[in-house]
Amino acid sequence: MNVQYAKEVIKLPAQSGGKAETLLMRLIRAGYYVDAPCGGKGTCGRCRVRFVSEAPQPTANERRLLTEEERSSGVRLACEVRGAEACSLQLPVSREQEIDVLVTADAVVEKNAGQTVDGGITGQTAGVISGQAAGDIHGQAAGDIPGQRECAAAHSREGAVKMRGQSGKKRCGAAVDIGTTTLAATLFDLEEKKRLAAASSVNHQRAYGADVLSRIQAANEGATEELRLSICRDIDALLAGLVADAGIPDDAVEELVIVGNTTMCHLLRGLSCAGLGAAPFTPEDLSLWEGSSEELALSERWSAAVTIFPGISAFVGADIVAGIYALEMDRKQNALLLDIGTNGEMAAGGADGFLVTSAAAGPVFEGGNISCGVAGVPGAVTSLALERDPAATGGIRTVEVSTIAGETPVGLCGTGIIDAVGEAVRLGLIDENGTFEEPWFTDGMPVAEGRFRFLQEDVRQVQMGKAAIRAGIETLLAEYGGGDPEEILIAGGFGCRMNEEQAIRIGLFPEQFRGHITMTGNSALAGAERYLLADRTSAKQRLASVTEHTEELSLAMHPKFNELYLEEMFFDTDR
């Protein structure tokens, strides 16, 4: 792993009294962000720090995960170092603040100008919320991928000019989507119903682990308040960026509408996660919450009414409810909504009600647990094509590669991971069991002209993730009983960059989905935006109807799911 370290030296004072914590926890409590996808369990090797002097002796785990060169230069894993002594450190240069987060675009609003829903809200209709179909990204050469941040900044400047050209105080509101990995937010003029600014950031709770189970465990071990403060600081920072971009005073923000999965909403409100971590998985509260920024303990800069969307269950949260609402699935006949992430949430149904479930895919589709995996940072490979070539490094040549922001490849994000496995299947490098042929079994498959290698263990991680999602889809549709869905809606940034053919090739989706998939963009954020601008009485009735007419399907002990999970681990190499 090629890691750059900041020039700044951090000096941590000695701890006084109490049990000695890991260096990772000391850094977190001191307000420093350290990437720790495994939650400090010592398995990912990402929480690297460099001791300026007097580095402790490396542990057995550090000898396994760090190179000899790294160890000799003072690099250690923050989760492995225990002690209360003062120390001077350099932290890695993190690019996670630059994660490319999908925010909703205006294409649908423009396309449907004049249409009204929910009591007369112009332009807020179901459809492709993001305005970016898969074809807008795939097939482009590196450097051609449109950057969400540039688009958001340009939109912000345009809105700011309009705002400054008018007199009087503006009434504004913000929509916030709290994802496990990232946050996205948009600012609206509530009177003109126009978006003024957009912003995104990493979810700094990642320091406690990449997935919701790690956060639940951390909360149940006493870190509830730290996790709550972390997400509040992230929201404060997003709001500060939004008002700065739009050129409005803080007190113009009158309302916040927040969505997220059940764990994120619990942590934001400071609710106990004890019921989320063990069967029967009972949340503290799933109802629509209305309060104030003061009650959430956000910064005193804000004085806003706050609404948090209702959820459905411990693992199907307000983000899915928001997606159903945004896409008007409750007015369709037979649709399927998929939000593929660490916890693959899915909903099947329509006007007659919904059956929902979730499948624990792990962080593989967000770049986690993959040796060359990265989040959606600049340089993350989003798509690629490979060919056999005996003259190339490792016998594999990269013939096409696209990266975020067109930067030099630094690793594979979720869609790049799917492409890597899809290409390995297409070229016959792996068999139906997912086992590489030699020399790739031993050396790994070279990607991006050998900049990094996709390893046998990486394939196993993808097999487990794709099997969970596919088995979840098949079980849900069988239990719902509506036959093949008329529409398959894929939510989130992952869906917008995903190559449909590669997803089908590796078995993530069944053959009958081909040609019926619509990439919806960030439907969770779109739902929050829609509610922000809607007639409130009508909107509440719609949300209440969705939650009241939804049933959850538990996959944990479902015999069909367990059977399918094992079957879907394999690849169809005859395709």
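Predicted, not measured: the structure shown is a model, and the values here were computed from it.

Asker: Just to check I follow, could you spell out helix α11 (residues 456-480) for this structure?
Answerer: Each α-helix winds once per 3.6 residues, and so residues spaced three or four apart point in a common direction. With 25 residues, α11 extends 36 Å between its outermost C-alpha atoms, agreeing within 8% with the 36 Å of an ideal straight helix rising 1.5 Å per residue. Burial within α11 is extensive, with 18 of its 25 residues counted as buried. Taken from the residues just after α11, Gly481 is the one with a positive phi, measuring 80 degrees.

Asker: I would appreciate a short explanation of helix α9 (residues 414-426) in the present structure.
Answerer: Here α9 contains 13 residues, and its C-alpha end-to-end distance of 18 Å stays within 8% of the 18 Å for a straight helix at 1.5 Å per residue. With 12 of 13 residues buried, α9 lies mostly within the body of the structure. Residues Gly414, Thr415, Gly416, Ile417, Ile418, Asp419, Ala420, Val421, Gly422, Glu423, Ala424 and Val425 constitute the buried set of α9. With its phi angle positive at about 75 degrees, Gly428 sits one or two positions after the end of α9.

Asker: What should I look at first to understand the environment of Ser303 in this one?
Answerer: With respect to the helices and strands, the residue Ser303 is situated in the loop between β11 (289-292) and β12 (305-308). Among the residues examined, Ser303 registers a relative accessible area of 65% and is labelled exposed. Each C-alpha atom of the pair Ser303 and Asp250 lies 8.4 Å from the other, and the pair is 53 residues apart in sequence.

Asker: Looking at this model, I keep getting lost on the packing of helix α14 (residues 523-533) against helix α15 (residues 536-548). Mind explaining?
Answerer: Each pair of packed helices gets described by two things: the angle between the helix axes and the distance between those axes. With their axes 8 Å apart at the nearest point, α14 and α15 run at an angle of 145 degrees to one another. In this structure, α14 contributes Arg530, Tyr531 and Leu532 to the contact, and α15 contributes Arg536, Ala539, Lys540, Arg542 and Leu543. Looking at the contact of α14 with α15, its residues break down into four nonpolar, no polar and four charged.

Asker: Explain the environment of Ser292 here, please?
Answerer: Structurally, Ser292 can be placed in strand β11. Between the C-alpha atoms of Ser292 and Ser303, which are 11 residues apart in sequence, the distance is 7.3 Å. Ignoring sequence-local partners within four residues, the contact set of Ser292 consists of Ala304, Ala305 and Val306.

Asker: How do you make sense of the packing of helix α6 (residues 212-246) against helix α7 (residues 262-269) when you look at a structure like this?
Answerer: With their axes 7 Å apart at the nearest point, α6 and α7 run at an angle of 65 degrees to one another. Judged on the interaxial angle alone, α7 and α6 are roughly perpendicular. Regarding α6 and α7, the two cross each other, and that crossing is right-handed. Across the interface between the two elements, Val212, Arg215, Ile216, Ala219, Leu227, Arg228, Ile231, Cys232 and Ile235 from α6 touch Thr263, Met264, Leu267, Leu268 and Arg269 from α7. The residue makeup of the contact of α6 with α7, split by class, is 10 nonpolar, one polar and three charged.

Asker: How do you make sense of the pattern of salt bridges when you look at a structure like this?
Answerer: Proximity of charged atoms lets side chains of opposite charge pair with each other. Applying the stated criterion across every chain, the model contains 23 salt bridges. Here Arg397 and Asp389 are joined by a salt bridge, their closest N and O atoms 3.2 Å apart. Residue classification places Arg397 among the partly exposed residues on the basis of a relative accessible area of 35%. Put simply, Arg514 and Glu511 hold a salt bridge, and the shortest N to O gap is 2.3 Å. Classification of Glu511 by relative accessible area gives partly exposed; the value is 37%. A single salt-bridge network, built from bridges that share partners, covers Glu21, Arg29 and Glu226.

Criteria and thresholds
- Residues numbered from 1 in each chain as written.
- Predicted model: local features only at pLDDT ≥ 70, side-chain atom pairs only at ≥ 80, totals over all residues.
- Heavy atoms only, no water.
- Helix = DSSP H or I, 4+ residues; strand = E, 2+ residues; numbered from the N terminus.
- Expected span 1.5 Å × (residues − 1).
- Buried < 20%, exposed > 50% of the residue type's maximum accessible area, 1.4 Å probe, protein only.
- Axes fitted to C-alpha atoms, helices over the stretch in contact; angles between N-to-C directions.
- Contact = heavy atoms within 4.5 Å.
- Nonpolar A, V, L, I, M, F, W, Y, C, P; charged D, E, K, R; others polar.
- Parallel < 35°, antiparallel > 145°, perpendicular 65-115°, else oblique.
- Left-handed = near helix turned anticlockwise from the far one by under 90°.
- Salt bridge = Lys/Arg side-chain N within 4 Å of Asp/Glu carboxyl O.

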